Amino acid sequence: MRIFWQCWLAAGLSASVAAGDPVGSLGVRLNGDQLRIAAPPLRLLSGKPLERLKNGAAVTFDLQLTLWVEAKKASRQQLRERLVVSYDLWEEKFSITSLREPRRSVSHLGAAAAEAWCLDSLALPASSISPDKPFWMRLEVRVEDGKGRADPVVGETGLSLTGLVERLSRPSRSDQASWSLEAGPLRLKDLKR
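Residues numbered from 1 in each chain as written. Predicted model: local features only at pLDDT ≥ 70, side-chain atom pairs only at ≥ 80, totals over all residues. Heavy atoms only, no water.

Colleague: Please explain the overall build of the protein chain as it appears in this structure.
Modeller: The number of helices and strands found in the protein chain is four helices and twelve strands. Of the contacts made within the protein chain by residues no fewer than 6 positions apart, 71% connect residues no fewer than 24 positions apart. (Helix = DSSP H or I, 4+ residues; strand = E, 2+ residues; numbered from the N terminus. Contact = heavy atoms within 4.5 Å.)

Structure below.
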């Protein structure tokens, strides 16, 4: 089932969303007790990020998945992820490292599989949501510009949650690639399993 889901997600990632586009559509499904996302219009490995990768630079993506209940009054759950993507020029394959503990890495992936892996790492527990209550979810993605600034997110001890929250709270600059996709109102009882 997991392989089917990854193939479906990878196939759906072929359509492109330009950086800075308005909020798009986010697919949400229930997998056991986890809310998982699908972002068919989102193409992370395109445009300037892909150009930087093909020039030998690693690209860092900051992702945040937020869930709201009760008419978006206050967020119920948030998940933040920081991924570093690199590109092997000889093999023409991507490698990804998640900086969230426990750290995970994967390599030798094509573009669609790499994008699917990035999104597959994002899931929120559904146990605290009533099956009949409406909820909303938003995925926000920012690409670090790589201009050599000191990085408050990753230090000697690993990923800094405070630094990541600070980075995701800042408005994106006009030259910084960012995407936002949203879904809702949704109800657990209506979601595909």
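That covers the picture; the talk isn't over yet.
Colleague: Looking at this structure, I do not really get the nonpolar core. What am I missing?
Modeller: A general trend in soluble globular proteins is that nonpolar side chains are found buried together. Within the largest apolar cluster, 43 residues are counted, with the highest numbers of intra-cluster contacts made by Leu 35, Phe 61, Phe 135, Met 137 and Leu 139. Examining the composition of this core, we find that six residues originate from one element, strand β4 (residues 59-69), more than from any other. (Core = buried A, V, L, I, M, F, W, Y, C linked by side-chain atoms within 4.5 Å. Buried < 20%, exposed > 50% of the residue type's maximum accessible area, 1.4 Å probe, protein only.)

Colleague: How do you make sense of the sheet that holds strand β2 (residues 27-31) when you look at a structure like this?
Modeller: Sheet strands line up and pair through hydrogen bonds in the backbone, either parallel or antiparallel. Strand order in the open sheet made by the three strands is β2-β3-β8, with antiparallel pairing throughout. Strands at the two margins of the open sheet, each flanked by one partner only, are β2 and β8 (123-125). Each adjacent strand pair in this sheet contributes to an overall mean axis angle of 30°, direction not counted. As defined by bridge partners, strand β3 (residues 34-38) adjoins β8 across three bridges and the pair is classed as antiparallel. Within β8, the position partnered with Gln 34 by the bridge is Pro 125. (Pairing = 2+ DSSP bridges. Axes fitted to C-alpha atoms, helices over the stretch in contact; angles between N-to-C directions.)

Colleague: Explain the packing of aromatic side chains here, please?
Modeller: By convention here, two paired aromatic rings are described through the distance between centres and the angle between planes. As enumerated under the stated definition, the model contains one aromatic pair in all. When the centroid spacing of 4.8 Å and the interplanar angle of 50° are considered together, the rings of Tyr 87 and Phe 94 count as tilted. Accessibility expressed as a relative area gives 14% for Tyr 87, which makes it buried. Residue classification places Phe 94 among the buried residues on the basis of a relative accessible area of 4%. (Phe/Tyr/Trp six-rings, centres within 6.5 Å; stacked < 30°, edge-to-face > 60°.)

Colleague: What is the right way to look at the side chain of Ser 46 in this model?
Modeller: By the element assignment, Ser 46 lies in the loop between β3 and α2 (47-54). From its side chain, Ser 46 meets the backbone oxygen of Arg 43 in a polar contact 3.1 Å long. (Polar contact = N/O pair within 3.5 Å; in protein donor to acceptor, adjacent residues only side chain to side chain.)

Colleague: Would you explain the environment of Leu 44 in this entry?
Modeller: Note that Leu 44 resides in the loop between β3 and α2. According to the relative accessible area criterion, Leu 44 is buried, its value standing at 3%. Distance in space between the C-alpha atoms of Leu 44 and Val 141 is 8.7 Å, their sequence separation being 97 residues. In this view, Leu 44 contacts Pro 49, Phe 61, Glu 115, Cys 118, Val 141 and Trp 179; residues no more than four positions away in its chain are not counted.

Colleague: Looking at this structure, I do not really get the side chain of Gln 64. What am I missing?
Modeller: The residue Gln 64 is located in strand β4 in this model. A residue is classified by how much of its surface remains accessible, and Gln 64, at 8% relative accessible area, is buried. Side-chain polar atoms of Gln 64 contact the side chain of Thr 66, separated by 3.4 Å.

Colleague: Is there a simple way to think about the confidence of the model for the protein chain in this case?
Modeller: When pLDDT drops low, the exact placement of atoms in the prediction is not to be read closely. Looking at the protein chain, the pLDDT average stands at 75 and 68% of residues meet or exceed 70. In this model, residues 1-23 is a region of pLDDT below 50 whose contacts with residues beyond four sequence positions or in other chains number 51 contacts. (pLDDT = per-residue confidence, 0-100.)

Colleague: Even after reading the chapter, I still don't get helix α3 (residues 111-120), so can you show me in this structure?
Modeller: Helical geometry: 3.6 residues make up each α-helical turn, so side chains three or four residues apart lie on a common side. Within α3, seven of the ten residues are buried, which leaves the element mostly enclosed by the surrounding structure. Considered for burial, the residues of α3 that qualify are Ala 114, Glu 115, Ala 116, Trp 117, Cys 118, Leu 119 and Asp 120.

Colleague: How should the pairing of β2 be read in this particular structure?
Modeller: The sheet contact formed by β2 and β3 spans five bridges and is antiparallel. Paired with Val 28 across the bridge in β3 is Ile 37. Taking the residues that link successive antiparallel strands as the turn, the β2-β3 hairpin has two residues, and the phi of Gly 32 there is positive, at about 65°.

Colleague: Just checking my understanding: could you explain the environment of Leu 45 for this structure?
Modeller: For Leu 45, the location among the structural elements is in the loop between β3 and α2. Of the residues examined, Leu 45 reaches a relative accessible area of 3% and is grouped as buried. Taking the C-alpha atoms as reference points, Leu 45 and Val 85, separated by 40 residues in sequence, lie 9.3 Å from one another. Excluding anything up to four places from it in sequence, Leu 45 contacts Leu 50, Leu 53, Phe 61, Val 85, Phe 94, Ala 111, Ala 114 and Glu 115.

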